[in-house]
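Breakdown of the fold
Given next are the chains, with one letter for each unit.
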Amino acid sequence: MGQYESTNRLYHCNDQLIDGLIMRECIYSTNVEKVFRSVDRELYYTNDNKLNAYKDTDWQSGDVHLSAPSHYATALECLDLHKGHKFLNIGSGIGYFSTLAGLLLGVNGVNHGIEIHSSLIDIAYQKLEVFKENSAAIDYFEFCEPVFIKGNACNLTSVGYYDRVYCGAEVPPAESSFMMALIKIGGVLVMPLKGALQKVTREGEVSWKIIQVVQVSIPHLVVSKKCSSMEVLKFPTIQPMSLKELCRSNIRATIRDCLNESHPNLQMCIKCKPNISYDQKLLNEASRGLVSLRSVVDMISNLETSDLDSTSGNEAIEEDKDDDNGDDVDVEEKNTSGQCDKSLLKKTASDTKRKSSEAGCSSEQDKTLPEKPEITKKMRINTLSSTVNNLSNNEPTHLDFLECMLNDSPESSDFDDEENDNNGEDLFDGDIDYDSDNVEEVTYRFKYRFLSNRKENEMSKLLKVKINQLPVPAMLKVFLNYN
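First, a word on scope: everything that follows refers to the structure included in this document. (Residues numbered from 1 in each chain as written. Predicted model: local features only at pLDDT ≥ 70, side-chain atom pairs only at ≥ 80, totals over all residues. Heavy atoms only, no water.)

Next up on the list: the packing of helix H7 (residues 243-262) against helix H15 (residues 458-468). Packing of H7 against H15 brings their axes to within 10 Å, and their N-to-C directions diverge by 125°. Classified by the angle between their axes, H7 and H15 sit oblique to one another. Considering how the two elements wind past one another, H7 and H15 form a crossing that is right-handed. Residues Arg252, Ile255, Arg256, Leu259 and Asn260 of H7 pack against Met459, Leu462, Leu463, Lys466 and Ile467 of H15. Here the residues of the contact of H7 with H15 sort into 6 nonpolar, 1 polar and 3 charged. (Axes fitted to C-alpha atoms, helices over the stretch in contact; angles between N-to-C directions. Helix = DSSP H or I, 4+ residues; strand = E, 2+ residues; numbered from the N terminus. Parallel < 35°, antiparallel > 145°, perpendicular 65-115°, else oblique. Left-handed = near helix turned anticlockwise from the far one by under 90°. Contact = heavy atoms within 4.5 Å. Nonpolar A, V, L, I, M, F, W, Y, C, P; charged D, E, K, R; others polar.)

Structure, rendered in structure tokens:
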């Protein structure tokens, strides 16, 4: 189960898991990295399964199911969520993915989740309350709380309403058209269909662009018989934020911005470069592949050009010999050519002698130097033939060749540089030894470590102190602190 990139590897903490996903390019944008570091996956595991929380594989216990972290990371990158988007999570389960999305949607977004099992909805709301109370992510983002309802997604009437839709289960081909109709023009749908995770972008009323992202193998979507009935499902009407909630959001955002400016070390340390969309990532990889392919073609072209030059030079010599042996050559032209050759030889000899004397080299030293071997046409042809033979021994297809070009990026990543700085040491293996004598290793581990508990996070502590210093009633301070 899970996408083919999942490794079943057990990491020791959430940050190690995220570092591994970044190294494998499942995560490549700063926003996705931040939310994955902010939401500890362990929160959504049962007590007897918490040891497996940081393993990159699916996990299921009864009706509870969580996909592999690499699957969620790829899906979130494809969705490209932004503040104010209307988002629907089909098969929301216990709310892990909806919580990740809520950190990106902001207070003005819409965060809907639909689940067929009512027991999972109860667990999702319990996890949501624990998250709001204890997670430091609340102090780093403007959170859009998810709203969950029980039912089958096939009975929804919100056609053309959502900016982004994600389905966490294999969609039957017969229901794919309905899923695609849920998004508005310009919207994005990410769903598993026919064994592949697909990104669908609606470009018009009846036109979509479909990209197959990665092969997956996950449970199938439960389609009840009620899909053919007249029963329809509706989410609760979206109410505008109250004045009290707006004040809380603005006050916390203002204090957070001031703390980030006065204490830049409190900001979350990230590895990824500035945000790029999934489509832009594909274009960048394709362009790097085309550049590499063009360099190979140019190399082969240069070899062929040099062979042609050598051939033309040899042919010219042969033609001169034929002219010398011919009967129709003019005597005056021969004499003129001979005089030119003698004068040219004299000039070359004098220039060589002058340059040798200027460089401090005598003619005796020049005689001891080995002569440069002449590269003949036959040698060039043999070199080109050996190059072609080496390429043909592996017998790659044109698809394999292009795939190699796309995967071999000429640019090294920041993560590779960090690995080189640490003498190739694997920073993901073994327990974190913060008492180690290796200062650089300890600094590295602390740099990308995010304390998800509000009681331990310095930003959360300072934010709470600043709120408690406000000249407002105590009950309002409790409300501002999400307590």
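Read on for the rest.
Right, let's get into the pattern of salt bridges. The final tally for this structure, using the stated rule, is 13 salt bridges. Measuring nitrogen to oxygen at the nearest pair gives 3.2 Å for the salt bridge that ties Arg454 to Asp139. On the criterion of sequence distance, the pair formed by Arg454 in the loop between helix H14 (439-447) and H15 and Asp139 in the loop between helix H5 (118-134) and strand S5 (147-150) is long-range, its members being 315 residues apart. Taking the relative accessible area as the measure of exposure, Arg454 reaches 13% and is therefore buried. Judged by its relative accessible area of 0%, Asp139 falls in the buried class. (Salt bridge = Lys/Arg side-chain N within 4 Å of Asp/Glu carboxyl O. Buried < 20%, exposed > 50% of the residue type's maximum accessible area, 1.4 Å probe, protein only.)

Attention shifts here to the sheet that holds strand S3 (residues 86-90). With respect to topology, 7 strands assemble into an open sheet ordered S5-S4-S3-S6-S7-S8-S9, the strand pairing being mixed. If you trace the sheet from one side to the other, it starts and ends with S5 and strand S9 (208-215), each paired once. In this sheet, adjacent strand axes meet at a mean angle of 15° when their direction is disregarded. Two strands pair when backbone bridges link them, and strand S7 (residues 183-193) and strand S8 (residues 196-202) are joined in this way by 6 bridges, in the antiparallel orientation. Bridging across to S8, Leu193 finds its partner in Ala196. Sheet strands in contact with helix H3 (residues 69-79) are S3, strand S6 (162-167), S7, S8 and S9, and its direction is about 160° off that of S6. (Pairing = 2+ DSSP bridges.)

This brings us to H7. Between its terminal C-alpha atoms H7 stretches 29 Å, which fits the 28 Å expected from 20 residues at 1.5 Å a residue. Arg248, Ser249, Arg252, Ala253, Ile255, Arg256 and Leu259 are the residues of H7 that are buried. Contacts from the buried residues of H7 go to H15 and helix H16 (474-480). (Expected span 1.5 Å × (residues − 1).)

Bringing the packing of aromatic side chains into the picture now. Each aromatic ring pair is described using two quantities: the centre-to-centre distance and the angle formed by the ring planes. Scanning the model with the defined rule gives 10 aromatic pairs in all. Ring geometry for Tyr140 versus Phe450: centroids 5.2 Å apart, planes at 70°, classification edge-to-face. On the criterion of sequence distance, the pair formed by Tyr140 in the loop between H5 and S5 and Phe450 in the loop between H14 and H15 is long-range, its members being 310 residues apart. Residue Tyr140 is classed as buried on the basis of its relative accessible area, which comes to 17%. With a relative accessible area of 9%, Phe450 lands in the buried category. Considering the side-chain rings of Tyr161 and Tyr162, the 4.9 Å spacing of their centres and the 85° angle between planes classify their relative orientation as edge-to-face. What makes Tyr161 partly exposed here is its relative accessible area of 26%. These aromatic residues form a ring-pair network of at least three members: Tyr44, Tyr72, Phe87, Tyr96, Phe97 and Tyr166. The aromatic ring of Phe479 is capped on one face by Arg248, whose charged end is 4.0 Å from the ring centroid. The ring centre of Tyr482 lies 4.0 Å from the NZ or CZ of Arg248, which sits over that ring. (Phe/Tyr/Trp six-rings, centres within 6.5 Å; stacked < 30°, edge-to-face > 60°. Lys NZ or Arg CZ within 6 Å of the ring centre and 35° of its normal.)

Once that is clear, we can look at unusual backbone geometry. Residues other than glycine seldom take positive phi values, yet Glu25 does so here, at roughly 65°. In this structure, Glu25 sits in the loop between helix H1 (14-23) and helix H2 (30-38). In this structure, Lys194 takes a positive phi of about 55° despite not being glycine.

One ladder, built from 7 bridges, connects S8 with S9; its direction is antiparallel. Within S9, the residue paired with Val200 across the bridge is Ile210. Between S8 and S9, which pair antiparallel and follow one another directly, the connecting turn spans 5 residues.

Time to look at the environment of Lys461. Tracing the chain through its elements places Lys461 in helix H15. For Lys461, a relative accessible area of 36% puts it in the partly exposed group. Between the C-alpha atoms of Lys461 and Asp139, which are 322 residues apart in sequence, the distance is 9.5 Å. The contact partners of Lys461, leaving out residues within four places of it in the chain, are Arg454, Lys455 and Glu456.

With 17 residues, H5 ought to run about 24 Å at 1.5 Å a step, and its terminal C-alpha atoms sit 25 Å apart, in line with that. Residues Leu120, Ile121, Ala124, Lys127, Leu128, Phe131 and Lys132 constitute the buried set of H5. Mapping the buried residues of H5 onto a view down its axis gives an arc of 135°, with all of them on the same face. For H5, exposure combined with an orientation more than 90 degrees from the buried face picks out Gln126 and Glu133. Looking at the buried side of H5, the elements it contacts are strand S2 (64-66), helix H4 (96-105), strand S4 (110-115) and S5. (Arc of directions from axis to C-beta.)

What follows covers the environment of Cys78. Note that Cys78 resides in helix H3. Considering only alpha carbons, one finds Cys78 and Gln198, 120 residues apart in sequence, at a separation of 9.1 Å.

The topology assignment puts Ser452 in the loop between H14 and H15. For the pair Ser452 and Asn134, spaced 318 residues apart in sequence, the C-alpha separation works out to 8.1 Å. In contact with Ser452, not counting residues within four places along its chain, are Ser38, Asp40, Asn134, Ser135 and Ala136.

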